[in-house]
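# Fold and geometry: a report
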Amino acid sequence: MEKYVGQSVTKGKENYREVTPAAVILGVLWGAFMAASFTYAGMIMGFTSGGSAIAAIVGWGILRGLLKKGTVVENNIVQTVASAVNISVSGVIFTIPALYIMGLHQEINTLYFFLATAAGAILGITFIIPLRKRACL
């Protein structure tokens, strides 16, 4: 069997797992954890990390180490989802201090900030997974 560049080779007739419930759920949970911790760190220090590499390492460790399954592409889904959830953190980190500086901190509604952050994460997940396949072609 010849191997071409960009072609994935599987063993026998087994399916190559890509978008699995384990990958999506792990990505959302790890992304939420990173979002909370990076928001706290960003508010304290004034800057934060992107978290994509951290999501990839932890995703690989949990999928291959704890669950004893997982493919590279499945780990890419974990990293993509966690990064999409975590990316909305920078909006919160830079918006809340700006509102305090402008003297508008009495008008901050926590529910609206939570909903805006959640909407950004959901939109990121919704658009990035289908577009990821198109970018590889």
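This one's a predicted model, so the numbers in the text were calculated from it and none came from an experiment. Every chain's residues receive numbers from 1 upward, in the order its sequence appears when written. Side-chain atom pairs in this predicted model are given and counted only at pLDDT of 80 or more, local residue features only at pLDDT of at least 70, and totals for whole chains, interfaces and linings cover all residues. Hydrogens and water are ignored here; the side-chain numbers use all heavy atoms of the structure.

Let us look at the side chain of E74. Looking at where E74 falls in the secondary structure, it is placed in helix α3 (residues 72-86). Relative accessibility under 20% of the residue-type maximum defines a buried residue, over 50% an exposed one, and the middle range a partly exposed one, all with a 1.4 Å probe and only protein chains included. Relative accessible area serves as the criterion here: at 1%, E74 is assigned to the buried category. In this structure the side chain of E74 is engaged in a polar contact, spanning 2.4 Å, whose partner is the side chain of T20. Residue contacts are counted whenever heavy atoms from the two residues lie within 4.5 Å of one another. Apart from residues no more than four positions distant in its own chain, E74 is found in contact with R17, E18, T20, A23 and L63. For helices the rule is a DSSP run of H or I covering at least 4 residues; for strands it is a run of E covering at least 2, with both sets numbered from the N terminus onward. We call two N or O atoms a polar contact when they sit within 3.5 Å, provided that within protein one can donate a hydrogen and the other can accept it, with sequence-adjacent residues counted only if both atoms are side-chain atoms.

At K68, a position not held by glycine, the phi torsion is positive, near 55°. Mapping K68 onto the fold places it in the loop between α2 (52-66) and α3. Residue K68 is classed as exposed on the basis of its relative accessible area, which comes to 67%.

Moving on to the packing of helix α1 (residues 21-45) against helix α4 (residues 89-101). Running from amino to carboxyl end, α1 crosses α4 at an angle of 30°, the nearest separation of the two axes being 9 Å. For α1 against α4, the interelement crossing comes out right-handed. Listed contacts from α4 to A35, F38, T39, G42 and M43 of α1 are V89, V92, I93, I96 and P97. By residue class, the composition of the contact of α1 with α4 is eight nonpolar, two polar and no charged. To define axes, lines are fitted to C-alpha atoms, for helices over the stretch in contact only, and angles between the resulting N-to-C directions are given on a 0 to 180 degree scale. Crossing handedness: left-handed means the near helix sits turned counterclockwise from the far one by under a right angle, and right-handed means the same turn made clockwise. Following the grouping adopted for this structure description, the nonpolar residues are Ala, Val, Leu, Ile, Met, Phe, Trp, Tyr, Cys and Pro, the charged ones are Asp, Glu, Lys and Arg, and the polar ones are all others, Gly among them.

Let's shift gears to α2. One less than the number of residues in a helix, times 1.5 Å, gives the span that helix is expected to have. In this model α2 runs 20 Å from its N-terminal to its C-terminal C-alpha over 15 residues, within 8% of the 21 Å that 1.5 Å per residue would give. Where α2 is buried, its residues contact α1 and α3. Directly beyond the C-terminal end of α2, a positive phi value near 55° is found at K68.

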